Amino acid sequence: MRHGIAHRKLNRTHSHRKAMLANMAASLIEHEQIVTTLPKAKELAPFMDKLISLAKRGDVHGRRLAMSRVRNEDQVKKLFDTLGGRYTDRNGGYTR
C-alpha cells in the first residue's frame with residue numbers, strides 16, 4: 001500500500017532535498033523564473049505556493065517561517081515586499 005508517500009525523493013537524502021528546495025526557492029524569488037527539470041519543478045511549485053501564502057499574510061510569524069524555509073534574508077524581504085502584494089487578489093496557483 002502507498003499510504004503516507006506524498007513527495008518525490010529525487011535520488012537525494014532528506015537533508016539534500018530540503019536544502020535543494022530552499023536554494024531553488026531563493027533562486028526563483030530572485031530571478032522570478034528558473035530553468036530546472038520537470039520533477040524538481042513539480043516539487044517546487046507547492047513549496048513556493050505556501051511561501052507566497054505566508055507573504056500574503058505579511059505578519060512577523062509568517063516572515064520567520066519563510067526565513068526558516070528559504071534561509072536567505074534578501075529573498076525573504078523581496079518575497080514579502082513585492083511578491084506578496086502581487087498576489088493579494090489570487091486565491092492560489094501562484095506558480096503556473
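Note that the structure is a prediction, hence the values are computed from the model and not measured. Numbering of residues starts from 1 in every chain and runs along the sequence as written. The predicted nature of this model means local features are confined to residues of pLDDT at least 70 and side-chain atom pairs, given and counted, to a pLDDT of 80 or more, with totals for whole chains, interfaces and linings taken over all residues. Working from all heavy atoms in the structure, the side-chain values ignore hydrogens and water.

Draft legend 1. Representation of the overall build of the chain within the structure. Elements are defined by DSSP. Helices are runs of H or I of four residues or more, strands are runs of E of two residues or more, and each kind is numbered from the N terminus. Counting secondary structure elements, the chain contains four helices and zero strands. Starting at the N terminus and ending at the C terminus, the chain contains elements arranged as α-α-α-α. Radius of gyration: C-alpha atoms only; globule rule: 2.2 Å multiplied by the number of residues to the exponent 0.38. Taken against the 2.2 N^0.38 rule, which gives 12 Å for 96 residues, the C-alpha radius of gyration of the chain at 14 Å falls within 12% of a compact globule. With respect to the three principal axes, the spread of C-alpha positions in the chain is 40 × 25 × 25 Å. Working definition: with a 1.4 Å probe on protein chains only, accessible area under 20% of the residue-type maximum means buried, over 50% means exposed, and in between means partly exposed. When the 96 residues of the chain are sorted by exposure, 30% land in the buried category. Only heavy atoms matter for contacts: two residues are in contact if any of them lie within 4.5 Å across the pair. If you take every contact in the chain between residues at least 6 apart in sequence, the share linking residues at least 24 apart comes to 53%.

Draft legend 2. Here's a closer look at the packing of helix H1 (residues 14-31) against helix H2 (residues 38-57). In this analysis an axis means a line fitted to C-alpha atoms, helices contributing only their contacting stretch, and an angle means the value between N-to-C directions, from 0 to 180 degrees. Following both chains from N to C, one finds H1 and H2 inclined at 70 degrees, their axes separated by 10 Å at the closest point. Here H2 runs roughly perpendicular to H1, going by the angle between their axes. Crossing hand, H1 versus H2: right-handed. Contacts from Met20, Leu21, Ala22, Met24, Ala25, Leu28 and Ile29 of H1 reach H2 at Lys40, Glu43, Leu44, Phe47, Met48 and Leu51. Throughout this description, any angle smaller than 35 degrees is read as roughly parallel, any larger than 145 degrees as roughly antiparallel, any in the 65 to 115 degree range as roughly perpendicular, and the remainder as oblique. By definition, turning the near helix anticlockwise from the far helix through less than a right angle yields a left-handed crossing, and turning it clockwise yields a right-handed one.

Draft legend 3. Molecular detail of the packing of aromatic side chains. Any two of the Phe, Tyr and Trp rings considered here, Trp counted by its six-membered ring, make a pair once their centres fall within 6.5 Å; the pair's planes then place it as stacked at under 30 degrees, edge-to-face at over 60, or tilted in between. Under the counting rule described, the total for this entry stands at one aromatic pair. For the ring pair tyrosine 87 and tyrosine 94, a centre distance of 5.3 Å and an interplane angle of 55 degrees mean the geometry is tilted.

Draft legend 4. Region of the structure containing the side chain of arginine 17. When you line up the elements, arginine 17 lands in helix H1. Positive charge is attributed to Lys and Arg, negative charge to Asp and Glu, and no charge count is given to His or to the chain ends. The working definition used for a salt bridge is a side-chain nitrogen of Lys or Arg within 4 Å of a carboxyl oxygen of Asp or Glu. An unpaired buried charge is present at arginine 17: no salt bridge exists, and glutamate 43, the closest side chain of opposite charge, is 6.8 Å distant. With near-sequence residues (within four places) excluded, arginine 17 lies in contact with Arg8, Lys9 and Arg12.

Draft legend 5. Region of interest: the layout of surface pockets. Residues are said to line a cavity or pocket when one of their atoms sits within 4 Å of a point; the points come from a 1 Å grid over protein atoms alone, cavities being sets where a 1.4 Å probe fits but cannot get out and pockets being open sets with protein on both sides within 12 Å along at least five of seven lines. Grid points are joined across faces, edges and corners, and a volume is the space filled by probe spheres set on the points. Approximately 510 Å³ is the volume found for the largest pocket. Lining the largest pocket are 20 residues; nearest its centre among them are His7, His14, Leu21, Glu43 and Phe47. Looking at the lining of the largest pocket, the elements that each hand over two or more residues are H1, H2 and helix H3 (60-70). Ranked by the residues each element gives to the lining of the largest pocket, the list is headed by H2, at six residues. By volume, the second largest pocket is sized at about 380 Å³. Lining the second largest pocket we find 17 residues, and of these Leu28, Glu32, Tyr94, Thr95 and Arg96 sit closest to its centre. Elements represented by at least two residues in the lining of the second largest pocket include exactly H1, H2 and helix H4 (73-86). Considering each element in turn, the lining of the second largest pocket owes the most residues, five residues, to H2. In the scheme used here, Gly and all other residues not listed as nonpolar or charged are polar, with Ala, Val, Leu, Ile, Met, Phe, Trp, Tyr, Cys and Pro taken as nonpolar and Asp, Glu, Lys and Arg as charged. Among the residues forming the lining of the second largest pocket, the class breakdown is 11 nonpolar, three polar and three charged.

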